[in-house]
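Report on the structure
Here's the letter readout for the chains.
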Number of protein chains: 2
Amino acid sequence: MDKLVYSFNEGSKEMTSLLGSKGANLAEMNKIGLPVPYGIIVTTETCRQYYEDGDAVVSAVEDAVMEKIEDLEKIAGREFGDPSDPLLLSVRSGAKVTMPGMMPTILDLGLNDETVNGLARTFGDSKMAYDCYRRFIRTYSRVVMGIDRSEFDAVLNALLQSRGLSYVVDLDTAGMKDVVHAYKRLVLAKTGKEFPQSTRTQLRSAVKGLFDSWYSEKAMLYRRLHSIPSDMGTAVTIQRMVYGNLGANSGTGAVFTRSPITGDKKLFGEFLTQAQGEDLVSGLRTPEPIEKMAEVFPGIYKNFIKIVDLLEKHYTDMQDVEFTVENGRLYIMQTKSAKRTAVSAVKIAVDMVDEGLISKDTAITRVDPMQIGQLLEKTFVKMEIANTLPLTKGLPSSPGAACGEICFSSFDAQARVAEGRKVILIRQETSPEDLAGMVVSEGILTERGGMTSHAAMIARGMGKSCISGANIRVNEKEKLMMIAGELFREGDIISIDGTTGLVYRGRHRIEQPKLTGDIETIMEWADKVRDIKIRANVDTAKDAEQALQFGAEGIGLCRTERMFLEDDKMPLIAKVLIADSQNERRAVLDELYGCQKEKFIELFRVMKERPVTIRLLDPPFHEFFPQTEEEITALADELGMNRDAVRTKIRMRHEFNPMLGERGVRIAVEYPEIAEMQTHAAAEAVIEVQDELGIQIVPEILVPLISMSEEFKYTRRVIDNTIETVFEKTGKKFRYKVGAMIEVPRAALVADRIAEKADFFSFGTNDLTQMTFGFSRDDTNHIIQEYREKMIMDFDPFKILDSSGVGRLIRSAVKMGRDAKSNLDLGLCGNHAGSPETIAFCTKLGFDYVSCSTYTVPAARLSAGQAAVRMKNEMK
Amino acid sequence: MDKLVYSFNEGSKEMTSLLGSKGANLAEMNKIGLPVPYGIIVTTETCRQYYEDGDAVVSAVEDAVMEKIEDLEKIAGREFGDPSDPLLLSVRSGAKVTMPGMMPTILDLGLNDETVNGLARTFGDSKMAYDCYRRFIRTYSRVVMGIDRSEFDAVLNALLQSRGLSYVVDLDTAGMKDVVHAYKRLVLAKTGKEFPQSTRTQLRSAVKGLFDSWYSEKAMLYRRLHSIPSDMGTAVTIQRMVYGNLGANSGTGAVFTRSPITGDKKLFGEFLTQAQGEDLVSGLRTPEPIEKMAEVFPGIYKNFIKIVDLLEKHYTDMQDVEFTVENGRLYIMQTKSAKRTAVSAVKIAVDMVDEGLISKDTAITRVDPMQIGQLLEKTFVKMEIANTLPLTKGLPSSPGAACGEICFSSFDAQARVAEGRKVILIRQETSPEDLAGMVVSEGILTERGGMTSHAAMIARGMGKSCISGANIRVNEKEKLMMIAGELFREGDIISIDGTTGLVYRGRHRIEQPKLTGDIETIMEWADKVRDIKIRANVDTAKDAEQALQFGAEGIGLCRTERMFLEDDKMPLIAKVLIADSQNERRAVLDELYGCQKEKFIELFRVMKERPVTIRLLDPPFHEFFPQTEEEITALADELGMNRDAVRTKIRMRHEFNPMLGERGVRIAVEYPEIAEMQTHAAAEAVIEVQDELGIQIVPEILVPLISMSEEFKYTRRVIDNTIETVFEKTGKKFRYKVGAMIEVPRAALVADRIAEKADFFSFGTNDLTQMTFGFSRDDTNHIIQEYREKMIMDFDPFKILDSSGVGRLIRSAVKMGRDAKSNLDLGLCGNHAGSPETIAFCTKLGFDYVSCSTYTVPAARLSAGQAAVRMKNEMK
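A few points on the structure. On a predicted model such as this, the values are computed, not experimentally measured, just so you know. (Residues numbered from 1 in each chain as written. Chains lettered and ligands numbered in written order. Predicted model: local features only at pLDDT ≥ 70, side-chain atom pairs only at ≥ 80, totals over all residues. Heavy atoms only, no water.)

1. Concerning the pattern of salt bridges
Enumeration according to the criterion identifies 131 salt bridges over all chains in this entry. Ionic pairing is found between K13 of chain A and E28 of chain A, a salt bridge with its closest N-O pair at 4.0 Å. Residue K13 of chain A is found in the loop between β1 (5-7) and α1 (16-31), and its partner E28 of chain A is found in helix α1; the two are separated by 15 residues along the sequence. Note on E28 of chain A: relative accessible area 2%, which makes it buried. Here E561 of chain B ties to R615 of chain B by a salt bridge, and the two come within 2.9 Å at their closest N and O atoms. (Salt bridge = Lys/Arg side-chain N within 4 Å of Asp/Glu carboxyl O. Helix = DSSP H or I, 4+ residues; strand = E, 2+ residues; numbered from the N terminus. Buried < 20%, exposed > 50% of the residue type's maximum accessible area, 1.4 Å probe, protein only.)

Below, the structure written as structure tokens:
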């Protein structure tokens, strides 16, 4: 076993993995001479060892701690467990990643029926000593023995009530002692054992309890929500206690070195005299703004200002600092990089460059790309919503905040909106029939479906807020929604936040933050440093304009089937697919041709010379077909076809596993005339727009769902021949590319052969994830949930690219592809494309572009900048 | 470009890839001094070049041929195109693989209006010369210009009729000339051009025509049926003509050096005097048995016997030899390894070892493993069925021949069988409700479904003949089946061959070939040389007995869900899966426990100490649930549950893509109590049977559908804990293994991590193929058909393992797995396991075993022997 325990003087701020971020920063502050209560740290490695080997590790830790604790004893001039003048300990857990409020702290460890008197003597304050003992029993019993805090509160309240008192502070020393006795009796009753009097036992059990707390439900939930790996474990920091509650000359406080809300360069924080850390947040006393401290502790304040200034410079980032004053002596309890709003993050990053504190490269990395979206989306007023308990949570499928009256059908939604009201559409899941209702709604909330469900995709396309797969029960017929046993009826008002997936009761204020000049500055810096291009997944000219405004450099995925949505041409697609003969099919395709060409022309006019990737008709067959009897009848009538014939044809097309059925290139191979029509329309559109604007367009045609080189070759021949015909007919030419979508595992495995024929690869990570895992996007949401709860998965692979499995396929395909064709263009256009991890992954592999949803483009630009900076740093 | 054309004296029998097997063997015979009409060969490479570059290649070939043709001219003492005494050519196509009757031959090339007179002069026979010209025009026009043979026949018949004649041989010279003129007029009428008089043009066009014939519909169909790659192309052999029809001193014949039916060592063949090769098969004249030749051509016969004996020894295999006698001179026209029945193949292989002609290793390779099945299955009488035109074809889903009256429902089938009749059950596709009907039927024929459809799997399990996904239209309601426009009604008799997938009209005789002693000998030789074990996929004790009889060395896949089929416990499985709570679930599992344990006990009693791999519950969720309203009601009643509740629960379980849904390990993770029950039952069964028989059993538990190491780890913990509990309870122990099924692409990609925790891997190639290609087994049959027709795929990857894609995944997983754990056991248990290619693949990778269906075990043993021999040879 490696070294289990480090002293502060053996650590530094670089050692966060081993010592946790709290421990590492304390060691760092100790190193640079700042006043911290000295201590030691049990490493995260030790914690992980404990998960493997169990209690044996705890015993070893106990021995190692007892050895090191002498350092503390020397500095404090007290001994641990000494009844006359005991050294008391603060035992705090802390992982590499901070999980605010999730991991417990045990203060005043080392108190028992004897040492409590020693403490009283030392500080000349019996009440304070028993107050500490009381707090210690309560916290320790919760962490180590799992006794709920409320049980202690009940005991305390009963006691206070019996004495006609309101607050614990109103008790005198005898009262405090009574509370301690009552607490001890509670422990005995709950556990059958006396509260431990051995300080060694206390120490040992506390360490074990903190290790175990890593797997508390609360902590696991937090990690799941924040995609934090669960195998890192926590460190445990053990420091000597200092007290902010000793008297008027003591106190405690917390500050940010700048404003976490606006980013203004101005100390931001609060303090309380005669108080411990927990009093700051308890709400019993109102803290004073930090500036007041200059009046109360003028000398200490001056010193403190110097220290926080030094900390900010030392860490070259805004710090979140906690401190305690014990009898006129200042101690820094913790420093960490401060959480901040997007606005603040951006302003601070730009300011710090101006101040010469950080480089532009560093500034780029200081803004969380996931926050950039906040600057572009409607959000609830943060200060208000932060204190609101959500009703439930679903998948954050399309960002943005929305409120409205709930409706359960497209019809009701339209009716209510016609009356001038705002509505949220609630459905079990949506289908194309709900489209009209979705258009008029503020947002959509569904019971079923994943991040790529119909509702999610359409909502994202429309820039509407959507939460799918929420933990609600919807009865569309009765117009009822049940959340955690509570019924909601049509007209009830709710708020949904598509960015977080949270659903709230009632109406909440919505704000549209402004884009400041600073964000533009950061974006420019990021754009300069990155090589990878950011394109958008866009299907219409209108969306294309929006994408360009956000800085998209092209379209990486134009889903042609969606181009027919707008003009209600979808039934014609169904007609193509159920046509009896090629002639019949061609006749319908002729009908579609005009619409297809017009859409391309509109798109090229907006995109001009920028690249546009046109994907041939792709989605599963059955998506074009209605399912219910009524819908089938309607379709038949609309198409002027025999109802029975349509029904039979649709039945014959039934697929057991449509995701693995007739899709993508398979449609192009079976009905090459469809690919011909689409290519023809694109080619004619290119020529028209080239002539009209006097520009050069290089369209990229993308063949989806390739699994073998031969099917790409086949389809490419159809495309090449069609374009050749247009060249001959018009006497005009243009350059173009034909690429393969790599979204089936086999395509990645034979990438070398495909690359021989393809001009570019576009990785479709949604399907690639689906097939590599064998997880249906539509069905396995609950399995992934289950897996995450059972800690089988650390993350949802449909949200974060699975680098060890799917990523391995991509890496190998990139290598094979580039080996076969060195100038092969590489792009990625799945749902993952907007995520920082994926952009970093693609940057490292030398991708030419990623293509993400319109609203993610700014974040992607920033992520790409950050990835480039990190690459530069790694190469140094 | 490489050398386009080889002379016979530049070739040898090893050069079949380049020269085609016909050409290579002719060159070989020339080399060893046998009399062949000398010639030259245009290589297959040239042919492939032609497909790439087109007519330019033909011109180059023409030049190269004209250069080489001088050799022929010298030997023949005649010149090509010389009007007075022309050299005529036989131009024959021939690929590396023989495709009997599929590729055309053009004889007498070089005839035109002038040379025909030269030919007449040379042989002093004008009628014969014009007969040759006639035949040449007809064949050439068909191959080069695509004019149908029937058009020439119509012309000829009109002419014969007008003269009151029946046969072309009845014509005199003038009549023959008239036929030639009539043929030439036909060509002019059909093509607008005169029949080419330039012999150079004839030669050039013939070569091009033969190249093109590789892609004739007929040839493509043949290749598709025999899984022959379509990219090999054909060679073209050009020889000087010899004539078997010159007079009484001429003739032609064909022999097998042994009996292709029984394998007896006795010349087997026929001959005709005064005839060309095509007369042998035309049916106009009845050939004489070859022995008669001793009387007609005594000297030549003696010489011929020597030659065929030499050929057999030279090739150390039974030969199929064609010969021609021209004016008392013997020419060998072709020799090739002879096709033979399974019985013959086995006898010849064993005999040749006895004769010291070949080694045992070679003998093993001389029997086609796919034929071994023939020795175990009912078959139609070969000589009868060979001449019967099938009605249609489907997927050969379960082998064996069967005849009977057709029925369209389980009910009708049972009724008819009760009347003492034999029936074939016809369904669109089968479902569990058809089980009773399947049990009583001789065989099953379905319109839909693949090789792994319900019908196919059940039929294979019952050893019943089955053809699925046939090109038929079934109307179950009207009790009608349509095949190629023809209607079949209930009671009509058909025959189906589940081995070939062919459907025949009427009743055909069925025979059950005997296993001779020779096959046992071959099997023993094969068993000795192979290392890889052959196991069977078996679910019941009865099947296990059968598997052992066929030489299975263990069970490689026991599908536990099928164990409940026999005792009608399937509804209980459904009940487990829709239980509301763990308690409710456990109660049902307790009910199932006894049955599960009993089944395991029966299985272990049969298998004794042989390995048995028990796969935990696997199939998609929905397979356990009824779909229609009536079935749901029935299930609810049977389970004594509320109908609405059952319906709702089943609806909630609906999956869009069940193949990618809740299956395999996902069930074990969500409901670990199911895995516990199964493990518990297996463990108790092991202990009981060990005690009862005084043996050691090492059960292997297989966790299906693994995609990440963590889910294997989780399930393994459940299994280990359960077995540990049984150990503690019983005080007894046994060794056991826990393995992961590698059938999801991701599992192969993270095989190293899984191997750390697993004792063995079992590759499930059905799902691996399905997910690697993104092809649903249930849905994409027609797409694969389409792809094969469009030559995008050379084979069906669900039948032949896709070595470049799926195989690459397996190879990499094997390497990663063994690197992580050197003693990792490796098995493969998909549908591919019985195929020679897959067994060779697994042998090379050092697999421990493959596991195939019971009836495939003997073939697999032989395939494994062959793979071992080939490995030995490669290492020499």
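2. Some details on the pairing of strand β2 (residues 39-42) of chain A
Residue and element names in this part refer to chain A. The side-chain alternation of β2 yields two buried faces, one formed by G39 and I41 and the other by I40 and V42. Judged from the three bridges that link them, β1 and β2 form a sheet pairing that is antiparallel. Its bridge partner being in β2, Y6 is matched across the sheet by I41. As defined by bridge partners, β2 adjoins strand β7 (residues 235-240) across four bridges and the pair is classed as antiparallel. The partner of I41 across the bridge, within β7, is T237. (Pairing = 2+ DSSP bridges.)

3. A few points about the environment of Y593 of chain A
Residues and elements named next belong to chain A. In this structure, Y593 sits in helix α24 (residues 582-607). Residue Y593 is classed as buried on the basis of its relative accessible area of 19%. Contacts of Y593, omitting those with residues within four sequence positions, involve M677, H680, A681 and E684. (Contact = heavy atoms within 4.5 Å.)

4. So, the packing of helix α35 (residues 836-844) of chain B against helix α36 (residues 857-875) of chain B
Residue and element names in this part refer to chain B. Two numbers describe how α35 lies on α36: the axes approach to 9 Å, and their chain directions differ by 50°. Classed by the angle they form, the pair α35 and α36 counts as oblique. The handedness of the crossing between α35 and α36 is right-handed. Two secondary-structure elements touch here, α35 through P836, I839, A840, T843 and K844 and α36 through A860, S863, A864, A867, A868, M871 and E874. Considered class by class, the residues forming the contact of α35 with α36 number eight nonpolar, two polar and two charged. (Axes fitted to C-alpha atoms, helices over the stretch in contact; angles between N-to-C directions. Parallel < 35°, antiparallel > 145°, perpendicular 65-115°, else oblique. Left-handed = near helix turned anticlockwise from the far one by under 90°. Nonpolar A, V, L, I, M, F, W, Y, C, P; charged D, E, K, R; others polar.)

5. Quick look at the relation of the copies chain A and chain B
Overlaying chain A on chain B yields an RMSD of 0.2 Å, the required transformation being a rotation through 180° with an accompanying axial translation of 0.1 Å. Such a turn and shift between the copies fits a two-fold axis. No C-alpha of chain A approaches the rotation axis more nearly than that of N657 of chain A, which lies at 2.1 Å. (Least-squares fit on C-alpha atoms with pLDDT ≥ 70 in both.)

6. Considering unusual backbone geometry
For residues besides glycine, phi is generally negative; the peptide bonds are generally trans as well. Residues and elements named next belong to chain A. Look at M791: it is not a glycine, yet its phi comes out positive at around 60°. Its place among the elements puts M791 in the loop between α33 (781-789) and α34 (806-820). Take M791: its relative accessible area is 33%, and that puts it in the partly exposed class.

7. A short note on helix α3 (residues 55-76) of chain B
All names here are of chain B. Across its 22 residues, α3 extends 30 Å between first and last C-alpha, which sits within 8% of the 32 Å expected from 1.5 Å per residue. Its axis deflected by about 30° at K68, α3 carries its strongest bend there. Among the residues making up α3, those that are buried are V57, V58, V61, E62, A64, V65, M66, K68, I69, L72, E73 and A76. Just past α3, the residue G77 takes up positive phi, approximately 70°. (Expected span 1.5 Å × (residues − 1). Bend = angle between axes of the 7 residues up to and from the residue.)

8. Side note on the nonpolar core
F761 and F763 of chain A are the most contacted members of the largest nonpolar core, which has 285 residues in total. The residues contacting F761 of chain A, other than those within four sequence positions of it, are A740, I742, A751, I754, A755, A813, G817, L824, D825, L826 and G827 of chain A. Residues L88, F136, V207 and V255 of chain B belong to the second largest nonpolar core, which totals 90 residues. (Core = buried A, V, L, I, M, F, W, Y, C linked by side-chain atoms within 4.5 Å.)

9. Considering the sheet that holds strand β5 (residues 89-94) of chain A
All names here are of chain A. Taken together, five strands build an open sheet; the order of strands is β1-β2-β7-β5-β6 and the sheet is antiparallel. For this open sheet the edge positions go to β1 and β6 (105-109), each flanked by a neighbour on one side alone. Sheet twist, expressed as the mean angle between neighbouring strand axes with direction ignored, is 20°. In terms of strand pairing, β5 meets β7 through six bridges, oriented antiparallel. Residue L89 lies in a different strand from β7, and its bridge partner there is R240.

10. Remarks on the packing of helix α2 (residues 44-53) of chain B against α3 of chain B
Residue and element names in this part refer to chain B. As a packed pair, α2 and α3 sit with axes 7 Å apart at the nearest point and diverge in direction by 145°. Along its contact with α2, which presents T46, Q49, Y50 and D53, the element α3 presents D55, A56, V57, V58 and V61. Of the residues assigned to the contact of α2 with α3, the class counts are five nonpolar, two polar and two charged.

11. Here's the deal with the sheet that holds strand β14 (residues 392-393) of chain A
Note on sheets: strands pair through backbone hydrogen bonds, and any given pair is parallel or antiparallel. Residues and elements named next belong to chain A. Overall, mixed pairing links the eight strands, which are arranged β14-β24-β23-β16-β17-β18-β19-β15 in an open sheet. The two strands at the open ends of the sheet, each matched to only one other strand, are β14 and β15 (395-398). Packing against the sheet, helix α17 (residues 410-418) makes contact with β16 (401-407) and β17 (423-427), and its axis sits at approximately 175° to β17.

12. Structural notes on the packing of aromatic side chains
By convention here, two paired aromatic rings are described through the distance between centres and the angle between planes. All names here are of chain A. Within the structure shown, the criterion is met by 44 aromatic pairs over all chains. Ring geometry for F380 and Y504: centres 5.8 Å apart, planes at 80°, overall edge-to-face. Pair noted here: F380 is in strand β13 (residues 379-380) and Y504 is in strand β24 (residues 502-505), with a separation of 124 residues, a long-range link. The exposure classification of F380 matches that of Y504, with both residues buried. (Phe/Tyr/Trp six-rings, centres within 6.5 Å; stacked < 30°, edge-to-face > 60°.)

13. Describing the interface of chain A and chain B
Each side of the interface is counted separately: chain A has 51 residues, and chain B has 51 residues. With both sides pooled, the region where chain A packs onto chain B buries about 4400 Å², and carbon together with sulfur makes up 58% of that total. In this assembly, chain A and chain B are joined by two salt bridges. Across the salt bridge formed by R746 of chain A and D802 of chain B, the nearest N and O atoms sit 2.6 Å from each other. Linking chain A with chain B are 30 residue pairs in polar contact (both at pLDDT 80 or more). Of all the elements in the fold, those that place two or more residues in the side of chain A that touches chain B are α27 (664-670), α29 (709-730), α30 (745-749), α32 (765-773), α33 and α34 of chain A. (Buried area = accessible area lost by both parts, 1.4 Å probe. Polar contact = N/O pair within 3.5 Å; in protein donor to acceptor, adjacent residues only side chain to side chain.)

14. With respect to helix α32 (residues 765-773) of chain B
All names here are of chain B. In terms of burial, α32 is largely enclosed, as nine of its nine residues are buried. Looking only at α32, the buried set comprises T765, N766, D767, L768, T769, Q770, M771, T772 and F773. One or two residues past the end of α32 sits G774, with phi positive at roughly 70°.

15. A few points about the side chain of E700 of chain A
With respect to the helices, strands and loops of the structure, E700 of chain A is situated in strand β29 (residues 700-703). Ignoring sequence-local partners within four residues, the contact set of E700 of chain A consists of R535, P611, V612, T613, I614, K737, F760 and Y849 of chain A.

16. Things to note about the environment of E377 of chain B
Residues and elements named next belong to chain B. Here E377 lies in the loop between α15 (369-376) and β13 (379-380). Looking at E377, the relative accessible area reads 10%, which means it is buried. Spatially, the C-alpha atom of E377 lies 13 Å from that of F550, the residues being 173 residues apart in sequence.

17. Quick word on the pairing of strand β33 (residues 849-853) of chain A
Consecutive side chains along a regular strand alternate between the two faces of the sheet. All names here are of chain A. For β33, the tally of buried residues reaches four of five residues, placing the bulk of the element in the interior. As defined by bridge partners, strand β32 (residues 825-828) adjoins β33 across two bridges and the pair is classed as parallel. Among the inter-strand pairings, L828 is bridged to a residue of β33, identified as V850. After leaving β32, the chain enters helix α35 (residues 836-844) and then returns to the sheet as β33, a path that is right-handed. (Right-handed = clockwise from strand over helix to strand, strands pointing away.)

18. Some remarks on a nonpolar patch on the surface
A grouping of I261, F268 and M383 of chain A is seen on the molecular surface, where their side chains present a nonpolar patch of about 290 Å² in accessible area. Mapping F268 of chain A onto the fold places it in strand β9 (residues 268-273). (Patch = residues over 30% accessible without salt bridge, like charges linked within 9 Å, V, L, I, M, F, W, Y side chains within 5 Å. Areas by Shrake-Rupley, 256 points an atom, 1.4 Å probe, with all protein chains shown as cover.)

19. Focus on the side chain of S205 of chain A
Residue and element names in this part refer to chain A. The residue S205 is located in helix α8 (residues 199-213) in this model. Within the structure, the side chain of S205 is placed 3.4 Å from the side chain of Y140, a separation counted as a polar contact. If near-sequence neighbours (up to four positions away) are discounted, S205 is found in contact with Y140 and V144.

20. Here we look at the environment of S17 of chain B
All names here are of chain B. Here S17 is to be found in helix α1 (residues 16-31). For S17, a relative accessible area of 43% gives the class partly exposed. Remark: the alpha-carbon pair of S17 and G233, spanning 216 residues in sequence, is separated by 9.6 Å. Among residues more than four places away in sequence, those in contact with S17 are T44 and K96.

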